[in-house]
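Now for the letters of each chain:
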Amino acid sequence: MGKSMFVVCFLITCKSFGQAASEIFLFDLSILKESITISNPKNITNHEGYDNQPSFHTDLPIIYYASFNDEGRSDIKYYNYKTGETKSLTNTLEREYSPTLTLDKQFISCIIQRDNGAQDLGKYPIEGGEPLNIIDNMIVGYHVWADNSHLALFILGKENKPNTLHYLRLPTKADTILAENIGRSLHKVPNENAFSFVHKVTESKWFIKKYDPRKSVISVITATPSGEEDMCWSPDGKIFFSDGNKIVWMDPKKSRTWKDVQVSSGAELLKDITRIAISSDGKKLAVVVAE
């Protein structure tokens, strides 16, 4: 492939994944009954180019994320917010995205984007090493583990077909399509046997929904607050949603009213917010902003 053709293909790939230059800031998070505040921002990437898709380890003070290397390929890095150290989990000729701790805590699963156009799902041992392939017959965009052997998948549509939400049973390879036109945020719902997703029903009507695999039921949680799609859950079941230049929250168990997250320091850093993630103890909030 000639250099000019590679650049064209690379730009198309970047556009499809929304890979604008970005940084990840880590805030202290205070969650009270009716008041939520973030403070003490720290740029944990401080690296020119794409740094995105933060994901916390459930037990350790570690954030995994995808980061472009000098060759323009994405590797998985991780940052220890107790020691301040950054290390690389992968350093490959592929491109890895969406790092996610598996529920057995032995692997980091991620999208592996290959030069032939494939976007597989694989997993790397948490201490490093060669990956194991999980899915290589679909174009996987994003994923969440329902349990150790069941997955929810964002599958990219081909030839102008819509993106779809799949529920895959790994032991039997049974694959069920649950919805079309979904967003990229897939998350387990705290303290429930369910996962959530954003359903773009029409151009103007987007809803946060959840699927209960045991009952095979999809139910509506609430409408999204804007035409954005990035969200996460706090451990106590509150929804946090990135709304461009601010973060809003609501407690679906109590009301359907969105409230602003208060920013005691670092408000000027919150520009073009996309992905957000909360630590399992509810004390840290990772926010992706434009570089």
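Anything mentioned here points back to the structure above.
Definitions and limits used
- Residues numbered from 1 in each chain as written.
- Predicted model: local features only at pLDDT ≥ 70, side-chain atom pairs only at ≥ 80, totals over all residues.
- Heavy atoms only, no water.
- Core = buried A, V, L, I, M, F, W, Y, C linked by side-chain atoms within 4.5 Å.
- Buried < 20%, exposed > 50% of the residue type's maximum accessible area, 1.4 Å probe, protein only.
- Helix = DSSP H or I, 4+ residues; strand = E, 2+ residues; numbered from the N terminus.
- Contact = heavy atoms within 4.5 Å.
- Pairing = 2+ DSSP bridges.

*Asks:* Describe in detail the nonpolar core, supporting the description with residues and values.
*Replies:* Core analysis: the largest hydrophobic core is formed by 26 residues, its most contacted members being Leu121, Ile134, Ile135, Met138, Val140, Leu151 and Leu153. Mapped onto this core, the elements with two or more residues apiece are strand S4 (62-68), strand S7 (95-101), strand S8 (107-113), strand S9 (119-125), strand S10 (132-135), strand S11 (140-147) and strand S12 (150-155). Setting aside its immediate chain neighbours within four residues, Leu153 contacts Leu121, Ile135, Met138, Val140, Tyr142, His143, Thr164, Leu165, His166, Leu168 and Leu186. Membership of the second largest hydrophobic core comes to 17 residues, among which are Leu29, Val261, Val287 and Val289.

*Asks:* So, the sheet that holds strand S24 (residues 276-278): which residues are in play, and what are the values?
*Replies:* Spatially, the five strands line up as an open sheet ordered S23-S2-S1-S25-S24, and their pairing is mixed. Two strands in the sheet have a free side with no partner beyond their single neighbour: strand S23 (262-263) and S24. Bridge count between S24 and strand S25 (residues 284-290): three bridges; the pairing is antiparallel. Among the inter-strand pairings, Ile276 is bridged to a residue of S25, identified as Val287.

*Asks:* Please set out the pairing of strand S5 (residues 74-80) residue by residue, giving values where relevant.
*Replies:* Counting buried residues along S5, five of its seven residues qualify, which places the element largely inside the surrounding structure. The pairing of S4 with S5 spans seven bridges and is antiparallel. Counted as the bridge partner of Phe68 is Ser74 from S5. Counted between consecutive antiparallel strands, the loop separating S4 from S5 contains five residues, among which Gly72 sits at a positive phi close to 80°. Pairing of S5 with strand S6 (residues 86-88), which is carried by three bridges, proceeds in the antiparallel orientation. Its bridge partner being in S6, Lys77 is matched across the sheet by Ser88.

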